[in-house]
Amino acid sequence: MRSKCIISMAGNNCTVLDPKDLQNKRTFTFDYCYWSHDGYIENDQGVFLPNGPHSRYIGQEHVFNELGRAALENAWNGYNATIFSYGQTGSGKSYLMTGYEGNKGLVPMICEELFQEIKHRQSKDGQFYVYFSMFEIYNEQVQDLLSKVRKPNGLRVREGRCGFYVECLKSVPCSNFKQLEALLDQGIRNRSVATTNWNTTSSRSHMVINIHFQQVFANQFMTKHSEINLVDLAGSERQRSAGAAPDRFNEARAINLSLTTLGNVISSLSDKAVGKRVQYIPYRNSILTRLLSNSLGGNSKTIMVTMISPADIYYDETMSTLRFAERAKNIQNRAVINESLTEQLLMDLKENNTGLRARIADLEKAGDVHIDEQEVLKKLIVDNERQLKDMQKSWQQKLEEARREWEQQYSSIIKEEKMMAELPYFLNVNEDPQLSGAVKHFIHHGITTIGRTAGLQQDIVLKGLGILDKHAVLTSHDHKVVLESINKARILINGVPVLTKHQLQHLDRVIIGSCSFYLYVGFPHERNDRDKIHKYNYEFFASELASIEGFGKVNVGMGEELKENLDPDLARIFHDFIAIMPMVAQANQISEELNKGVIFEPEVKNLTSTDAKGEGLEKEIIVKVINKLTNQVEIWPRDKFTDRKLLIEGIYQHFLENGTISNMVEQDPFWDSVEILHLGSAHVWLETLAYCIAYEDQVEAINYRGKEEAIIQIRLLPCSPSGNPLGEESVIVDPDDLLGKRMDFQMQISLCLGVKWIQGNSSRGVQIGFMMYGLPAMFYTPAVWNNANFEMDYTMCFMIQHVTADFLSYLKTHAVVLELWGLQEVCQEMETEFAHVALAGNDSVLLDLCYRNQWTSVPQDSEKCRSKLSEQLKMLEEEIENLKDANRSLKSENIKMQRELERLRNLPSSPGLVTNGGPMKSANDRSDQKSPFPSWDAEFAKALKTFYFSMIGVRARLIHLKEVRPLDEERILCLRYFANERNQLIEELGAELESCVGKLKNDIAKIIKRKKKLQIDAVSPP
């Protein structure tokens, strides 16, 4: 979809352009900048390479040579090394760390290079051991990705002598890269299964790969050990959205506590590095920062890699990411070489256990009741004994255990490859591209059941959201596979619900339940080399679903030309819409399983709405929340829904584990307080008022979806000061004739018909609100309940004492936007705040000088403000007197100039004067022959005449300025209007006076210049 690139890179500098102001750009400087947006080609092995010698493209291998090798060198020297991958979802974090298809990431390249170097350095006196572990942090819970068993509440994080660690985390010894690569694939596969079965989202989880590298030098009785942490952080947009929408749930304001805390830790460490006083660094506030405290600000050499999107629609996220990186580069760690004597370490552990047992014995002997402290001490002893046992176990024993597990895994890999060549299968598709294709469900000959339980060995067991015990049946016969839903269970094929038998076709998109996305790969004879399986990613599934279910104007099968011409704003909204669709489906499924009776519907706010000038409003995604039990409706912003979705997942997980949910309304994320809803809007254009013509019409109130919500009968009536409507004789041809005059008009709303909001529920009500000109208050009609068709005898009178050009422009170009609001039970009706509106003597609303962009509120009962306005009035009076004096001076000067001209005209001619050697002609002679020189008196008179007529307008403004008085000198609002009006009139008067004098000066200067030029030409020799 069309978007503009706003990123440019030169050397180590990254420059970002503001898409709303291309002159505004910001440049950031880092140690390295890598360009991977374009300038590449794909070879036969699927590897991306620069497309020429002048290409800016930087591939994965180049990044590894500069960053990965640096981390490896630190590990060989005995330092801890860490690489963080930070950025918004979809910017390439996982691609950098784990790679994709033929493009290896930093993790496999670092591990492969590590084992190659071990092979070269292996000797009798030096032994090298590598341990691999992999876990993720989601919603402040740690899950081991190498374990087949997923603990409901996650693994515990404890603090030992060497810092924080994950209790019972599986750490697998590896003797070669092939074993480690298989473990990496296993971890990714387990993560992919978990995202489906446990309804988690990979973009909200952190993945941490830990490589414990140990070097044992027998001849020196020395051990060197390093921790290599490779961290793929959650999407950084989660940090930005935390707290974006106000919500009653405090935990929802930090949708990902780990990422929010990481930002706080980075800020604190950055401030400390530049010399600011920092009392506390919040490492302990989240699981992630606790486990990686050494990497962030301690004993580690750390590399932070931030990924950004070049698209203009992600400008805010890009700037947030770059600012984060700029703070991070200020941090200075103090890494040390991790050397230790193996025997000394064993002795330390034994002495520590002896001391702990002695402490327990002392507590028991003293008879003190310290049950909690005794339990903690006993757990520490158990942990120390586990570490002792683990250290005393030989490397060969550990390797043998890993080998047996590896053989089992290897045999399953060979079996899987064989079945892929013979059978059709379902291939999983995940939001994270790195997790797609990790799980395959094979379809054997005969009948295969899909559900939560398995009756036969070949049955497919799924535990995702919305999966029933017996969900569907697959029948494979004669190289055909037929899918049939059981009991109308939810199945979508290519975005369309399927309730009857359906024969699957190669590359069909299948959605089972709410969040189980699969691509059907047919029999081997149906496949060919041109199959672009990678094309059917998560975005393709979501786009297809959105196009069919809710966003029909944009088709997933659109051509490239149509995509290029798609409006960028619509492209952004479509992207957000397809991202939220699966989340809404999951929330609806949870609501159904928990019997909440709540339905979520995604909508695009302002898809067809316009403002008072007819320009499109900014579009955004909202979620409509309908409670079928109470018939109440709520509107949640996208960020609020995303936050609540996390809490909904939490109570659903608690329900699966314990079978119960809380009945307290305050703790229910499905519930929210009832509010007034915006139903739609209608536009009433004001242009007829500029011609004093009455206007009456029935206008449609259009909702977010562009459909009619109600019909409103509206009248605009120009009227006299007494309130009587004006007749046809008052119609004017030129609106400028109204300038400086008083104008009164009425706005009447008489009927509201066919209100669909009330048709759905008779206990609801509506109100209509609108704003006029620059007034700070919205005017509301009285509320009407329980009636979808009703009369509304509502009239509001407006008056402007002196029509200005600004007000005429407003009438010609603007509309009054009638906002239709829906009321629900227990909702408080809206009222007009007349305290912020100035009223004339006849209760008309005063519009004088309500400039649309210059409103500032004034406290009604402020003595300080009253005195300030009085001072301003005095200053304005002084300026008026100065202008009067200037006008008198100009008038006096004008009279003197007129007398001087009259005197010059009456002067007698001097005979005998010679010009150019000849006698000067007499007056009688001049009457007979045209003079070659113009009449300078006439020229001066013409200029003065123009000045005189222009000064008539200045004089009229002075008279008007003198006559204008405040409507009510006791009300601050009226005084404010009066002061602003005086100020505006003085500015206009000064500008007009300056223009008149300037024109006179220019005219006189031109006349004098011409006169001098003609005289020079006349005396010059021929």
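Please read these numbers as outputs of a predicted model, since none were measured by experiment. (Residues numbered from 1 in each chain as written. Predicted model: local features only at pLDDT ≥ 70, side-chain atom pairs only at ≥ 80, totals over all residues. Heavy atoms only, no water.)

What about the overall build of the protein?
Here is step 1: Secondary structure summary: the protein contains 22 helices and 43 strands in total.
Here is step 2: Burial analysis of the protein (1022 residues in total) assigns 46% to the buried set.
Here is step 3: Taking the contacts inside the protein whose residues are at least 6 apart along the sequence as the reference set, 67% of them involve residues at least 24 apart.
Here is step 4: Here the protein displays about 53000 Å² of accessible surface, and carbon together with sulfur accounts for 50% of that area. (Helix = DSSP H or I, 4+ residues; strand = E, 2+ residues; numbered from the N terminus. Buried < 20%, exposed > 50% of the residue type's maximum accessible area, 1.4 Å probe, protein only. Contact = heavy atoms within 4.5 Å. Areas by Shrake-Rupley, 256 points an atom, 1.4 Å probe, with all protein chains shown as cover.)

A look at the confidence of the model for the protein
Here is step 1: The predicted model of the protein averages 79 in pLDDT, with 77% of residues at 70 or higher.
Here is step 2: The low-confidence segment residues 250–255 (pLDDT under 50) makes 18 contacts with residues lying over four places distant or belonging to another chain. (pLDDT = per-residue confidence, 0-100.)

Overview of helix H16 (residues 638–658)
Here is step 1: With 21 residues, H16 extends 30 Å between its outermost C-alpha atoms, agreeing within 8% with the 30 Å of an ideal straight helix rising 1.5 Å per residue.
Here is step 2: Those residues of H16 that sit buried are Lys640, Phe641, Thr642, Asp643, Arg644, Lys645, Leu646, Leu647, Ile648, Glu649, Tyr652 and Gln653.
Here is step 3: Just downstream of H16, Gly659 is the residue with a positive phi angle, here 80°. (Expected span 1.5 Å × (residues − 1).)

Some points on the sheet that holds strand E20 (residues 446–451)
Here is step 1: Here five strands make up an open sheet; going across it, the order is E21-E20-E22-E23-E26 and the pairing mixed. In the strand order of this sheet, the two ends are held by strand E21 (460–461) and strand E26 (502–503), each with one partner.
Here is step 2: Across two bridges, strand E23 (residues 480–485) lies against E26 in antiparallel orientation. From the neighbouring strand, Val482 faces E26, where its bridge partner is Gln503. (Pairing = 2+ DSSP bridges.)

Focus: the nonpolar core
Here is step 1: Met772, Phe798, Phe807 and Leu818 are the most contacted members of the largest nonpolar core, which has 52 residues in total.
Here is step 2: For this core, the element with the most residues is strand E39 (residues 790–800), which contributes six residues.
Here is step 3: Residues in contact with Phe798, not counting those within four places in the same chain, are Met743, Asp744, Phe745, Met747, Phe770, Met772, Leu775, Phe779, Ser844, Val845 and Leu847.
Here is step 4: Counting residues in each nonpolar core, the second largest holds 44 residues, with Ile83, Val130, Leu145 and Ile303 among its members. (Core = buried A, V, L, I, M, F, W, Y, C linked by side-chain atoms within 4.5 Å.)

Side note on unusual backbone geometry
Here is step 1: One non-glycine residue, Asn595, lies in the positive phi region at around 60°.
Here is step 2: Here Asn595 is to be found in the loop between helix H15 (568–593) and strand E29 (598–605).
Here is step 3: Note on Asn595: relative accessible area 65%, which makes it exposed.
Here is step 4: Despite not being glycine, Asn786 has its phi angle at roughly 60°, a positive value.
Here is step 5: Mapping Asn786 onto the fold places it in the loop between strand E38 (784–785) and E39.

Thoughts on the pairing of strand E22 (residues 472–477)
Here is step 1: Burial along E22 is one-sided: Ala472, Leu474 and Ser476 are buried, and none of Val473, Thr475 and His477, which face the opposite way, are.
Here is step 2: Across five bridges, the pairing between E20 and E22 is antiparallel. Following the sheet pairing, Ile447 is matched in E22 by Thr475.
Here is step 3: Where E22 meets E23, six bridges bridge the pair, whose relative direction is antiparallel. If you follow Val473 over to E23, its bridge partner there is Glu484.
Here is step 4: Between E22 and the antiparallel strand that follows it, E23, lie two residues; Asp478 among them carries a positive phi value of about 55°.

Topic: the sheet that holds strand E3 (residues 21–29)
Here is step 1: Read across the sheet, three strands follow the order E1-E2-E3 without closing on themselves; strand pairing throughout is antiparallel. Edge positions in the sheet fall to strand E1 (7–10) and E3, since each of these pairs with one other strand and no more. Strand-to-strand, the axes of this sheet are offset by a mean angle of 25°, without reference to chain direction.
Here is step 2: As paired strands, strand E2 (residues 13–18) and E3 are joined by six bridges and run antiparallel to one another. Directly across from Asp18, in E3, lies its bridge partner Asp21. (Axes fitted to C-alpha atoms, helices over the stretch in contact; angles between N-to-C directions.)

Quick notes on helix H18 (residues 805–813)
Here is step 1: Those residues of H18 lying buried are Phe807, Leu808, Tyr810 and Leu811. For H18, the angular spread of buried residues about the axis comes to 155°, placing them on one side. (Arc of directions from axis to C-beta.)

Side note on the packing of aromatic side chains
A ring pair, where both rings are aromatic, is described by two values, the distance of the centres and the angle of the planes.
Here is step 1: Under the definition given, this model contains 25 aromatic pairs.
Here is step 2: Grouped by ring-pair contacts, the aromatic residues Phe745, Phe770, Phe779, Tyr794, Phe798 and Phe834 constitute a single cluster.
Here is step 3: The ring of Trp636 is capped by Arg644, whose NZ or CZ atom sits 4.9 Å from the centre of that ring. (Phe/Tyr/Trp six-rings, centres within 6.5 Å; stacked < 30°, edge-to-face > 60°. Lys NZ or Arg CZ within 6 Å of the ring centre and 35° of its normal.)

Section: the pattern of salt bridges
Opposite charge on two side chains allows them to pair when their charged atoms are near.
Here is step 1: Counting across every chain of the model gives 19 salt bridges.
Here is step 2: Across the pair Arg191 and Glu136 runs a salt bridge, and its minimum N-O distance is 3.1 Å. Note that Arg191 is positioned in helix H4 (residues 177–197) and Glu136 in strand E9 (residues 126–138), a separation of 55 residues in sequence. The residues Arg191 and Glu136 share a single accessibility class, namely buried.
Here is step 3: With a shortest N-O distance of 2.6 Å, Arg509 and Glu544 are connected by a salt bridge. With Arg509 in strand E27 (residues 509–512) and Glu544 in helix H13 (residues 538–549), this pair connects stretches of sequence that are 35 residues apart. Residues Arg509 and Glu544 agree in their burial class; the two are buried.
Here is step 4: Among the ionic contacts, a cluster of salt bridges with common partners joins Lys640, Arg644 and Asp672. (Salt bridge = Lys/Arg side-chain N within 4 Å of Asp/Glu carboxyl O.)

Notes on the side chain of Asp232
Here is step 1: Positionally, Asp232 belongs in strand E15 (residues 222–235).
Here is step 2: No salt bridge forms around the buried Asp232; measuring N to O, its nearest opposite-charge neighbour Arg191 is 4.6 Å away.
Here is step 3: For Asp232, the side chain forms a polar contact with the side chain of Ser94, separated by 2.5 Å.
Here is step 4: Contacts of Asp232, omitting those with residues within four sequence positions, involve Ser85, Lys93, Ser94, Met97, Ser205, His206 and Met207. (Lys, Arg positive; Asp, Glu negative; His and termini not counted. Polar contact = N/O pair within 3.5 Å; in protein donor to acceptor, adjacent residues only side chain to side chain.)

Notes on the environment of Trp821
Here is step 1: Structurally, Trp821 can be placed in strand E40 (residues 815–823).
Here is step 2: Taking the C-alpha atoms as reference points, Trp821 and Leu679, 142 residues apart in sequence, are found 5.4 Å from one another.
Here is step 3: Dropping the residues within four chain positions of it, Trp821 is found in contact with Ile676, Leu677, His678, Leu679, Gly765, Val766, Gln767, Gly769, Met778, Tyr780 and Met830.

Some thoughts on the packing of helix H1 (residues 60–76) against helix H3 (residues 106–121)
Here is step 1: Interhelical geometry of H1 versus H3 gives an angle of 50° and a closest axis separation of 10 Å. Of the possible angle classes, the one that applies to H1 and H3 is oblique. Here H1 runs over H3; the crossing is right-handed. Along the contact surface, H1 presents Gln60, Glu61, Val63, Phe64, Gly68, Arg69, Leu72 and Trp76, while H3 presents Leu106, Met109, Ile110, Glu113, Leu114, Glu117, Ile118 and Arg121.
Here is step 2: Class assignment of the residues belonging to the contact of H1 with H3 gives a composition of nine nonpolar, two polar and five charged. (Parallel < 35°, antiparallel > 145°, perpendicular 65-115°, else oblique. Left-handed = near helix turned anticlockwise from the far one by under 90°. Nonpolar A, V, L, I, M, F, W, Y, C, P; charged D, E, K, R; others polar.)

So, the environment of Phe177
Here is step 1: Checked against the element boundaries, Phe177 lands in helix H4.
Here is step 2: What makes Phe177 buried here is its relative accessible area of 14%.
Here is step 3: Along the sequence, Phe177 and Glu113 sit 64 residues apart, while their C-alpha atoms lie 8.8 Å from each other.

Looking at the environment of Phe541
Here is step 1: With respect to the secondary-structure elements, Phe541 resides in helix H13.
Here is step 2: Spatially, the C-alpha atom of Phe541 lies 8.9 Å from that of Val510, the residues being 31 residues apart in sequence.
Here is step 3: Excluding its chain neighbours within four sequence positions, the residues that come into contact with Phe541 are Val429, Arg509, Val510, Ile511, Phe517, Tyr518, Leu519 and Tyr536.

Quick notes on the pairing of E15
Here is step 1: Most of E15 is tucked away: 11 of the 14 residues are buried.
Here is step 2: In this sheet, E15 lies alongside strand E6 (residues 81–87) in parallel orientation, the contact comprising six bridges. Across the sheet, residue Gly87 finds its bridge partner in E15, namely Gly235.
Here is step 3: With 11 bridges joining them, strand E14 (residues 205–217) and E15 adopt antiparallel strand pairing. Within E15, the residue paired with His212 across the bridge is Glu227.

Some points on the side chain of Glu819
Here is step 1: Its location among the elements puts Glu819 in strand E40.
Here is step 2: Buried charge without a partner: Glu819 forms no salt bridge, and the closest opposite charge is Lys605, 9.3 Å away.
Here is step 3: Of the polar contacts made by the side chain of Glu819, one reaches the side chain of His678; its length is 2.4 Å.
Here is step 4: In contact with Glu819, not counting residues within four places along its chain, are His678, Gly680, Ser681, Gln767, Ile768, Gly769 and Met778.

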